[in-house]
Amino acid sequence: QVQLVESGGGLVQAGGSLRLSCAASGGTFSTRVMAWFRQAPGKEREFVAAISWSGGKTSYVDFVKGRFTISRDNAKNSVYLEMNSLKPEDTAVYYCAGAAPYSRLVVTTSEYAYWGQGTQVTVSS
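Residues numbered from 1 in each chain as written. Predicted model: local features only at pLDDT ≥ 70, side-chain atom pairs only at ≥ 80, totals over all residues. Heavy atoms only, no water.

Trainee: Kindly report on the packing of aromatic side chains, identifying the contributing residues and their values.
Mentor: In the structure shown here, the tally under the stated rule is 5 aromatic pairs. With centroids separated by 5.7 Å and ring planes inclined at 75°, the aromatic side chains of Phe37 and Phe47 adopt a geometry described as edge-to-face. With Phe37 in strand 4 (residues 32-39) and Phe47 in strand 5 (residues 46-51), the pair connects residues that are 10 residues apart, well separated along the chain. A residue is classified by how much of its surface remains accessible, and Phe37, at 1% relative accessible area, is buried. Aromatic pair Trp53 and Tyr102: ring centres 5.1 Å apart, planes at 85°, arrangement edge-to-face. (Phe/Tyr/Trp six-rings, centres within 6.5 Å; stacked < 30°, edge-to-face > 60°. Helix = DSSP H or I, 4+ residues; strand = E, 2+ residues; numbered from the N terminus. Buried < 20%, exposed > 50% of the residue type's maximum accessible area, 1.4 Å probe, protein only.)

Okay, here's the thing in structure tokens:
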């Protein structure tokens, strides 16, 4: 059973930066596509970014391109989300997610079997 634990959220002013981390345990981390999603109050959970098993391929939603960077360290069973130029509309709970082994680089919540508990990111104006 894969367990995911996020950290690094917090309160930041607009224009600031945060780095989220997600530590995985159980299962085979290096064979899984990993992703970050977010959910704002009253809204559905939405895709933010995903990264392939090796880290060689990434995918981003348009509204974070150029501001956010997803990366992973398979030796540490960890995935990261570097967030720069944060905006108030980035305020949400951010979730780490893991797909089944050897899956494609997918962007829908239904493709991800494992989820962390979430970490709150609040961006003040």
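Trainee: Which residues make up the side chain of Ser78, and what values go with them?
Mentor: You can see Ser78 is positioned in strand 8 (residues 78-83). Residue Ser78 is classed as buried on the basis of its relative accessible area of 10%. Polar contacts involving the side chain of Ser78 include one to the main-chain carbonyl oxygen of Lys76, which spans 2.9 Å. For Ser78, the residues in contact, after removing those within four places along its chain, are Cys22, Ala23, Phe29, Arg72 and Asp73. (Polar contact = N/O pair within 3.5 Å; in protein donor to acceptor, adjacent residues only side chain to side chain. Contact = heavy atoms within 4.5 Å.)

Trainee: Which residues make up the nonpolar core, and what values go with them?
Mentor: Residues Trp36, Val79, Leu81, Met83, Tyr94 and Tyr112 are the most contacted members of the largest nonpolar core, which totals 37 residues. Of all elements in the fold, only strand 3 (18-25), strand 4, strand 5, strand 7 (68-73), strand 8, strand 9 (92-101) and strand 11 (119-124) reach the threshold of two or more residues within this core. Those residues in contact with Met83 that lie beyond four places of it in its chain are Gly16, Ser17, Leu18, Leu20, Arg67, Phe68, Tyr94 and Val121. (Core = buried A, V, L, I, M, F, W, Y, C linked by side-chain atoms within 4.5 Å.)

Trainee: Run through the pattern of salt bridges, naming residues and quoting values.
Mentor: Here the structure, examined in full by the defined rule, presents 5 salt bridges. For the salt bridge of Glu46 with Arg38, the shortest nitrogen-to-oxygen distance reads 2.8 Å. Glu46 sits in the partly exposed class, given a relative accessible area of 31%. Its relative accessible area of 5% is what places Arg38 among the buried residues. Salt bridges linked by common partners bring Arg38, Glu46, Arg67 and Asp90 together as one network. (Salt bridge = Lys/Arg side-chain N within 4 Å of Asp/Glu carboxyl O.)

Trainee: A description of unusual backbone geometry should follow, citing residues and the corresponding values.
Mentor: Leave glycine aside and you will find that most residues have negative phi; peptide bonds, for their part, are mostly trans. Although it is not a glycine, Asn77 adopts a positive phi angle of roughly 50°. Positive phi values are uncommon outside glycine, yet Ser85 reaches one of about 50°. When you line up the elements, Ser85 lands in the loop between strand 8 and strand 9.

Trainee: How would you sum up the sheet that holds strand 1 (residues 3-7)? Please name residues and give values.
Mentor: Reading across the sheet, the 4 strands line up as 1-3-8-7 and stay open at both edges, with antiparallel pairing between neighbours. Strands with a single pairing partner mark the edges of an open sheet, and in this sheet they are strand 1 and strand 7. Here the average twist between neighbouring strands, direction ignored, is 15°. Sheet analysis places strand 7 next to strand 8, joined by 6 bridges and oriented antiparallel. (Pairing = 2+ DSSP bridges. Axes fitted to C-alpha atoms, helices over the stretch in contact; angles between N-to-C directions.)

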